[in-house]
Amino acid sequence: MTGTVPAKSGPPGASPPGSREEVPPGAIPEDSRYANADLRPVPVAERRWTTYNFAALWVGMAVNIPSWTLASGLVALGMDWKQAVLTIALANVIVLLPMLLTGHAGPKYGIPFPVLARASFGVVGANLPALLRGLVACAWFGIQTWIGGQSIFFLAGKIFGGGSWWVLAGETLGYPWTQWLSFLAFFLIEIVVILRGMEAVRHLENWAAPMMLLGALALLWWIADKAGGLGPLLDQPSQLGWGADFWPVFLPALMGMIGFWSTLSLNIPDFTRFGAGQRSQVWGQTLGLPTTMAAFALLSVLVTSGSQAVYGEPVWDPSRLAARMDSTVGVLFALLVVLMATLSTNIAANLVSPAYDLSNLAPRLITFRTGALLACVIGVLIFPWKLIENPSVYIFTWLGTVGGLLGTVAGILIADYWLLRRTRLELADLYRPGGAYWYAGGWNWRALAAFATGGLLAAGGSYSAAGSGPFPAGGLIPFLRPLADYGWAVGLSSAAVVYLTLTAVFRPRTR
């Protein structure tokens, strides 16, 4: 059997695009090798996440140390605080659109991303984008876990004292062994939470969101009171201006900021599948993501400006800044807020998705919890502390290249689900061979060709500043270097066009 693209008008009596659908009992065989309890559609009765749940999810994911320090990376590249906040805000408005588009299938069908990808890539072929996304999420998990452990180390050092055994511990692999111990402690906390399942994630986000906002505002009040104002950083002029020097930095930085959430632009069905309806996910995401990221970036600039006035240097890391508090109670509160911020972000954004991705690889052998544990191990093995040492490598090389590749997948999914299928899927066929999405041996070569083309155009010209990264300064493929600065947009648009063209010219035969 080969794949089919339903007629644009949909079958007679088809449900409206926004309605919630459920698989009839027995439609998916219990012994299907492509299904397990975690990959099957969420029953309609269990889709009960509200607008608040989704907004809280985004507050919980957006309020974290890497988000806080995004502005610092842009300022280090020569922007002033206004340019940095504008870049971050604009990027999050742009990335919201693909999130809403891919998130639509969640409340409608109750399926996670790897299962949605089967419609375009094939029942077996969906493992390719799923594993790509999963590996990126694993890397992010490692970065966030390192940052969480680092926060424990700094704040515990404040509590024990600057000259304590904790701070002066001997080094192992370039870091005090107590910092490695902090890393392990945070790692184990995350495992305990994820093993309790998605309901534990929902409860964590609901409680963490207001606590983290309160903590960030408390940090602003403390530093402003200590500084007697917000300091000279707000008056610091841009090193780039708004002319010819600005745009060559702004555009790749914008793509990098989009790349920051590019994984979530694919991941989002993993959460919206629990949504009570489309209104919940649309309003929850719209209220939660762009507003929180812009406000948080502004808050980080204000707090850092105050730190420059007080200490004579900008302190961008909130855990390092909180460690300078005189009050032990304040330090303990800061430790709790930082841990909640990092924990809620890392579990929701970086563990849920690879858990589903790895489960999709071998549904009979790998459950959601097993996949989460494998993701934890992979996240440590990629040496996350190396990825964030250099702002240029972090923003341009890591975020930019990853954003380009994941944008390619997003382009294919959006083109297939919205433009070809008009949001109508044969739900049971997503879980069985020989159905509408089996194509040729479970693979849709059209999607693979579009992915290869988009990925080549988006990431083929990836480059690093001389001596500061893994890519040559002239680009991996020199003539594609100019496209690398627009990786996410190039990958998304080119893959969508190629996929639509190939499907129109080589239309899959109907069953």
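The structure under discussion appears in the preceding block.
Residues numbered from 1 in each chain as written. Predicted model: local features only at pLDDT ≥ 70, side-chain atom pairs only at ≥ 80, totals over all residues. Heavy atoms only, no water.

A. Spotlight on the pattern of salt bridges. Applying the stated criterion across every chain yields a total of 5 salt bridges. Residues Asp-416 and Arg-421 are paired through a salt bridge, measuring 2.8 Å at the closest nitrogen-oxygen approach. Classification of Asp-416 as buried rests on a relative accessible area of 2%. Among the residues examined, Arg-421 registers a relative accessible area of 0% and is labelled buried. For Asp-429, the salt bridge identified is with Arg-432, shortest N-O distance 2.7 Å. A relative accessible area of 2% places Asp-429 in the buried class. The structure contains a network of salt bridges with shared partners spanning Arg-133, Asp-270 and Asp-357. (Salt bridge = Lys/Arg side-chain N within 4 Å of Asp/Glu carboxyl O. Buried < 20%, exposed > 50% of the residue type's maximum accessible area, 1.4 Å probe, protein only.)

B. Structural detail: the packing of aromatic side chains. Evaluated as defined, the whole model comprises 21 aromatic pairs. Their ring planes at 90° and their centres at 5.7 Å tell us that Tyr-417 and Trp-418 sit as a pair that is edge-to-face. Tyr-417 gets classed as buried once you look at its relative accessible area, which sits at 3%. On the accessibility criterion, Trp-418 (26% relative accessible area) is partly exposed. When the ring of Trp-445 is compared with that of Phe-506, the centres are 5.4 Å apart and the planes differ by 65°; the resulting orientation is edge-to-face. With Trp-445 in helix α20 (residues 445–459) and Phe-506 in the segment after α22 (487–505), this pair connects stretches of sequence that are 61 residues apart. Exposure remark for Trp-445: the relative accessible area of 40% places this residue in the partly exposed category. Three or more aromatic residues link up through ring pairs in this structure, and these residues are Phe-153, Phe-160, Trp-165, Trp-166 and Trp-177. (Phe/Tyr/Trp six-rings, centres within 6.5 Å; stacked < 30°, edge-to-face > 60°. Helix = DSSP H or I, 4+ residues; strand = E, 2+ residues; numbered from the N terminus.)

C. View of the packing of helix α7 (residues 127–160) against helix α17 (residues 368–381). In the contact formed by α7 and α17, the axes pass within 7 Å of each other and the chain directions differ by 65°. Accordingly, the angle class assigned to the pair α7 and α17 is roughly perpendicular. Note that α7 runs across α17; the crossing there is right-handed. Counting all contacts with α7, which are made through Leu-135, Cys-138, Phe-141 and Gly-142, the residues of α17 involved are Ala-375, Cys-376, Ile-378 and Gly-379. Partitioned by chemical class, the residues of the contact of α7 with α17 number 6 nonpolar, 2 polar and no charged. (Axes fitted to C-alpha atoms, helices over the stretch in contact; angles between N-to-C directions. Parallel < 35°, antiparallel > 145°, perpendicular 65-115°, else oblique. Left-handed = near helix turned anticlockwise from the far one by under 90°. Contact = heavy atoms within 4.5 Å. Nonpolar A, V, L, I, M, F, W, Y, C, P; charged D, E, K, R; others polar.)

D. Examining the state of the cysteines more closely. In total, this model carries 0 disulfides according to the counting rule given. Between Cys-138, a cysteine without a disulfide, and Cys-376, which holds the nearest cysteine sulfur, the sulfur-to-sulfur distance is 8.3 Å. You can call Cys-376 buried: its relative accessible area is 1%. (Disulfide = S-S within 2.5 Å.)

E. Structural view of α17. With 14 residues, α17 extends 20 Å between its outermost C-alpha atoms, agreeing within 8% with the 20 Å of an ideal straight helix rising 1.5 Å per residue. Looking only at α17, the buried set comprises Phe-368, Gly-371, Ala-372, Ala-375, Cys-376 and Gly-379. Burial along α17 is one-sided: seen end-on, the buried residues are contained in an arc of 145°. Trailing α17 by a residue or two, Phe-383 shows a phi angle of about 55°, which is positive. (Expected span 1.5 Å × (residues − 1). Arc of directions from axis to C-beta.)

F. Quick look at the environment of Asp-38. Inspection of the secondary structure assignment puts Asp-38 in the segment before α1 (51–62). Remark: the alpha-carbon pair of Asp-38 and Tyr-356, spanning 318 residues in sequence, is separated by 7.5 Å. Residue contacts for Asp-38: discarding those within four places in its chain leaves Arg-273, Tyr-356, Thr-367 and Phe-368.

G. Representation of the side chain of Ser-359 in the model. By secondary structure assignment, the location of Ser-359 is in helix α16 (residues 352–361). Since its relative accessible area comes to 0%, Ser-359 is described here as buried. Reaching out from Ser-359, the side chain makes a polar contact with the backbone oxygen of Ile-366 at a distance of 2.8 Å. Those residues within four positions of Ser-359 in sequence are excluded, and the remaining contacts are Asn-36, Leu-39, Ile-366, Thr-367 and Phe-368. (Polar contact = N/O pair within 3.5 Å; in protein donor to acceptor, adjacent residues only side chain to side chain.)

H. Looking closely at unusual backbone geometry. Positioned with a positive phi, Arg-422 is a non-glycine residue whose angle comes to about 50°. Structurally, the position occupied by Arg-422 is in the loop between α19 (391–420) and α20. With a phi angle near 70°, Thr-423 is a residue other than glycine that sits in the positive phi range. Its place among the elements puts Thr-423 in the loop between α19 and α20.

I. Looking closely at the environment of Gly-371. By the element assignment, Gly-371 lies in helix α17. The class of Gly-371 is buried, set by a relative accessible area of 0%. Residues Gly-371 and Tyr-356, spaced 15 residues apart in sequence, show a C-alpha to C-alpha distance of 6.7 Å.

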